Amino acid sequence: MAAISVAEPPPPLLDVRGLSIALPDGADRPFAVDNLSFTLNPDEILCVVGESGSGKSMTAHAVMGLLPPSVRLAAGGLFFRDTNVLTQPEAKRRELRGGRIAMIFQEPMTALNPLMRVGEQVEESLRAHTPLDRAGRRARVQELFAQVGLPNPAELVRSYPFRLSGGQRQRVMIALALACEPDLLIADEPTTALDVTTQKQILDLIRRIQAERHMGVMFITHDFGVVAEIAHRVAVMQNGKMVEIGTAAEVLNRPRHPYTRQLIAAVPHTMGQRAAFARVGEPLLRAEGINKIFRVGGGLFRKAKEVVAGHEIALTIHAGETVGLVGESGSGKSTLGRSIVGLMKPDNGHIFFRGTDLMTLAPRDFRPFRREIQMVFQDPYASLNPRRTVGDIIAQGPVAFGESPSVARAKAEELLGLVGLDGNAAGRYPHEFSGGQRQRISIARALAMGPSLLIADEPVSALDVSVQAQVLGLLDDIRRRFNLSMLFITHDLRIASRVCDTIAVMRRGVIVETGPADRVFGDPRHAYTRALLDAIPGRGWHVPAELAQCPAELAQ
Amino acid sequence: MAGLARFFGGRLIKAVAILFAIVVMNFLLVHAAPGDPATVMAGEAGAGDAQFVAQLREQFGLDRPLVVQLGTYIGHVSTGDLGFSYRQQKPVWELLVQRLPATLVLTASAFALALVLGIGLGTLAAVHAGTLRDGAITVLALLAYATPIYWIGLMLILLFSVRLGWLPAFGYETVGAGLTGIAHLADIAKHMVLPVATLGLFYMAVYARLTRASIQEVRDMDFVKTARAKGLRESTVVFRHILRNAILPVITVAGVQAGQLIGGSILIETVFAWPGIGRLAFEAVLQRDYQVLLGIFFISSVMVIVFNIVTDLIYSLIDPRIDLAS
């Protein structure tokens, strides 16, 4: 390997010249990437920012030579150290791929082969690109695992992916990418699927390794907080075109292009600016002493592993109040939400809704409460039945409760208007809508039942920032208009600070801190809350004042 | 290893319980059919008078209440005694042992052929999806799948035995040739070609279709992209990463079918006059030879259970996420 790390040839490392990638006929635009030009220097982190569909991932895949067969390289060149990789034969490209250019993907849970030991998966890359023998490869893999901060490398190499957490898997992916000491690392949203605290660790790791090895890093993200953490230079893409490129300071603090300005304005930034919420009267919902333990694995002869999803949880929600339930994945937030809706039964405890203990009700007696408590789910792509029209989906609930189909249908159209969709959307199917639109449909579906409490389980985490801002705006508007109470479950503290009156911080099934949003964010008392706040990417960066003034919803 | 021992222990207990239920059900089913061996034997002996039939019944214990007969039978089976065939004047166990090897050789070869060819063709089709090669394989699989198995057998006999005279049309070996050693094995192999091909073709089609569909599902998964991003050769990506993950559903189906192969070979054994269990079963039904029939049922149940355990074992070897002990 030493032979390769001789003095760098003159910059740039990667030179993209007039790259165009054609989409198949019938797509919403002719080019996924349209006449794109930029350079990436050695020893530099270039963040490529854009919303989904902007062509940023497509560009990365083109550099790797991993474009899906449905698209076509239409024009331009990709020069890696002065060689146009696009004209190279497949064998040469294979040498580059994984050898000189490596890539980390977004979803660590699915990016590793579930049937192979993780050490073996890293070894595979070494076998393809280096002359190391078996023992040499083994030693190198352990060295790499230690470098990326995986615990106990000697044993961990023999683990299968399913034994590792998301953060650990992403570390394995990074070790895999670094295996052959690449000159260029492409990271495609490598922290988007991770918790904030894990995200912080992975960002630190990438930054450290980049500095040590003087690699060029092309870092794809949609999160300006992450950009502020890590970027040397920033390129902003929209609809396959580059709209702005410059140093991190320039783009973050003095964005010129309207699209960049709009994206930055949409960044959730109003930490604790809400008016204090005044609780009146009895709480609408009062949960007490909720316990839930999941038993994982185990069998006739073996003790199961216990995961505490709820331990003596107490929570109140008043009429008109939005309570934010914040915590990392696996902390038990969703378990609590689902227990309140009645999708899951806690081991014990009480959930009083307007004075009735839901936990003691038989399914038949619970039924009237289903109208009262409705849920909006996280994944708008999976939560709508693909074979029913949108109108049916919305009308279904009221019809099940005895409303006449024609009335329910008319109301569905009205609700669609309310959530900002066209009335004729009722006759179409979910797949005809974008993620943000589908989430609006989900909200309309929940509203159709006329609930007084809405459980929103990560309702915007699958959406782009600007769409996020719109959907959050809609939720806030609806909440006010119908005086709805809301339990807002999220892992993103920036979002929680924008929509919640009260915050409950949850960790390993325990609510460690509760209080008004202002207080919790302004004066966190529990160490874990502080750790969560510290982990928010881009804490040192503030949205430029001129953009912070304009409400994100209006920046569209 | 302790996990493995526990797995076998647990499965053995379950297997015994299942076998008991099967034995009882088979016994009652067989006895629910009209007619009994005594009437058939009396009929064949040309003596239809009631006294003779009654005497035969008494001799074979057929006059006793069904529950008593069932108790006796279960008692015998649990000691490994499958009964005595009065028709053939031999212990059932001996009959089965005589016939079993022929069936096992036929079905095992057909099964292996089907798996290897099916997975191979399925992979080839999936890798070249949308091309002529894929189309040809898909059509072949569809034909083999949709054509009645006995008809394929008959057509193969017509072509290769009657027309071309390349292969023998029936039997297990050349009767009276007195071959030994290699020549004997070659003779058996020659007799096996047509029945194995006929039986294997159907299952091959199933596995080819299944493999193709499964690969198409796996090939777009993220870890396949990771494998490509490592700069691996396409063949390594296909075999090591795609196929290994895609093969799990094929194994599930194959495991179920492996247990059923013995039953499925009845048709083939009849078409090709193959002296195996299938033909024995067919004859036993015609002759109301309860003991033999029950013995065959018993053996095939054991096979199904064994193949289920083997399938689970293979599954756990391929997929580390499956924990045998749970």
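Quick caveat: nothing in here was measured; it's all calculated off a predicted structure.

Draft legend 1. View of unusual backbone geometry. The backbone of Asn483 of chain A sits at a positive phi, close to 50°, despite the residue not being glycine. One non-glycine residue, Ala273 of chain B, adopts positive backbone phi at about 45°. Topologically, Ala273 of chain B is positioned in the loop between α10 (234-271) and α11 (277-286). Taking the relative accessible area as the measure of exposure, Ala273 of chain B reaches 27% and is therefore partly exposed.

Draft legend 2. Summary view of the pattern of salt bridges. Residue and element names in this part refer to chain A. For the coordinates displayed, the defined rule picks out 36 salt bridges over all chains. The partner of Lys292 in a salt bridge is Asp347, and the shortest N-O contact between them spans 4.0 Å. Of the two residues, Lys292 is situated in strand β11 (residues 285-296) and Asp347 in the loop between α11 (333-341) and β14 (348-353); the sequence distance between them amounts to 55 residues. By relative accessible area, which is 13% here, Lys292 ends up buried. Arg479 serves as the salt-bridge partner of Asp476, at 3.3 Å between the closest nitrogen and oxygen. Separated by three residues within a single helix, Asp476 and Arg479 lie in helix α16 (residues 465-482), roughly one turn from each other. Residues Asp476 and Arg479 agree in their burial class; the two are buried.

Draft legend 3. A look at the pairing of strand β4 (residues 72-80) of chain A. Residues and elements named next belong to chain A. Of the strand pairs in this sheet, strand β1 (residues 14-22) and β4 are connected by seven bridges, and their pairing is antiparallel. Along β4, the bridge assignment pairs Asp15 with Phe79. Across two bridges, β4 lies against strand β5 (residues 83-84) in antiparallel orientation. Each bridged residue has a counterpart across the sheet, and for Phe79 the counterpart in β5 is Asn84. Hairpin remark: β4 followed by β5, antiparallel, with two residues in the connecting loop; positive phi at Arg81, about 50°.

Draft legend 4. Region of interest: α16 of chain A. Residues and elements named next belong to chain A. With 18 residues, α16 should cover 26 Å at 1.5 Å per step; its first-to-last C-alpha distance of 26 Å lies within 8% of that length. Of all the residues in α16, the buried ones are Val465, Ser466, Gln468, Ala469, Val471, Leu472, Gly473, Leu474, Leu475, Asp476, Ile478 and Arg479. Once α16 ends, the next one or two residues include Asn483, with phi positive near 50°.

Draft legend 5. Region of interest: the nonpolar core. Residues and elements named next belong to chain A. Counting 90 residues, the largest nonpolar core has Phe145, Ile174, Leu184, Ile186, Phe219 and Phe224 as its most contacted members. If one sorts the elements of this core by residue count, helix α6 (residues 166-178) sits on top with seven residues. Ignoring sequence-local partners within four residues, the contact set of Leu184 consists of Leu13, Leu14, Leu40, Val63, Phe80, Arg100, Ile101, Ala102, Gly216 and Met218.

Rules behind the numbers
- Residues numbered from 1 in each chain as written.
- Chains lettered and ligands numbered in written order.
- Predicted model: local features only at pLDDT ≥ 70, side-chain atom pairs only at ≥ 80, totals over all residues.
- Heavy atoms only, no water.
- Helix = DSSP H or I, 4+ residues; strand = E, 2+ residues; numbered from the N terminus.
- Buried < 20%, exposed > 50% of the residue type's maximum accessible area, 1.4 Å probe, protein only.
- Salt bridge = Lys/Arg side-chain N within 4 Å of Asp/Glu carboxyl O.
- Pairing = 2+ DSSP bridges.
- Expected span 1.5 Å × (residues − 1).
- Core = buried A, V, L, I, M, F, W, Y, C linked by side-chain atoms within 4.5 Å.
- Contact = heavy atoms within 4.5 Å.

Function cannot be inferred from these measures alone, as they are strictly geometric.
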